Amino acid sequence: MECDDIHKQFKNIGGWEQTADERDAYFKLFKFVDFKRAFSFMTSIAMKAEQINHHPEWENVYNKVKITLTTHDVGGVSKLDYEMAIFAEKYFKNFSKF
């Protein structure tokens, strides 16, 4: 997937926005009913990140998790970022059912 294609793909995933800084990166804020679910979600994402050796930037405050995706090695978004975004979306749907 080339860079332009990845940007088009990110636009097809709901809620992911380009960062306001000068980096080539996307972010999304996920909200949960409580800290336990937010932390469980982060744990699932962390396991996937270890599996594919691609680690997101993130912030957690109580029931909110902000994930920022970029590939530092290439200086912008890559197919790994898209893969992580799709994974995060899938798991968020699982956690938001509770």
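Report on the accompanying structure.

Conventions and cut-offs
- Residues numbered from 1 in each chain as written.
- Predicted model: local features only at pLDDT ≥ 70, side-chain atom pairs only at ≥ 80, totals over all residues.
- Heavy atoms only, no water.
- 1 Å grid on protein atoms, 1.4 Å probe; cavity = no way out; pocket = protein on both sides within 12 Å on 5 of 7 lines; lining within 4 Å.
- Points joined across faces, edges and corners; volume = space filled by probe spheres on them.
- Pairing = 2+ DSSP bridges.
- Helix = DSSP H or I, 4+ residues; strand = E, 2+ residues; numbered from the N terminus.
- Contact = heavy atoms within 4.5 Å.
- Axes fitted to C-alpha atoms, helices over the stretch in contact; angles between N-to-C directions.

1. Section: empty space enclosed by the protein
- What the rule picks out here adds up to one cavity of 30 Å³ or more.
- Each pocket or cavity is described by its volume, and for the largest cavity that value is around 30 Å³.
- If you trace the largest cavity, you find it lined by His 54, His 55, Pro 56, Glu 57, Thr 68, Leu 69, Thr 70, His 72 and Asp 81.

2. Points about the pairing of strand E3 (residues 57–61)
- Pairing of E3 with strand E4 (residues 64–69), which is carried by five bridges, proceeds in the antiparallel orientation. Bridging across to E4, Glu 57 finds its partner in Thr 68.

3. Here's the deal with the sheet that holds E4
- Across the sheet, which stays open at both edges, the four strands sit in the order E1-E2-E4-E3 with antiparallel pairing between neighbours. The open sheet has two edge strands, strand E1 (17–18) and E3, and neither has a second partner.
- Here strand E2 (residues 26–31) pairs with E4 via six bridges, running antiparallel. The residue bridging Tyr 26 from the neighbouring strand is Leu 69, located in E4.
- Contacts from helix H2 (residues 35–52) reach E2, E3 and E4, with the element oriented near 165 degrees to E3.
- With respect to the sheet, helix H3 (residues 79–95) is in contact with E2 and E4, its orientation differing from that of E2 by roughly 10 degrees.

Note that every value here comes from positions in space, so none of it alone points to a role or purpose.
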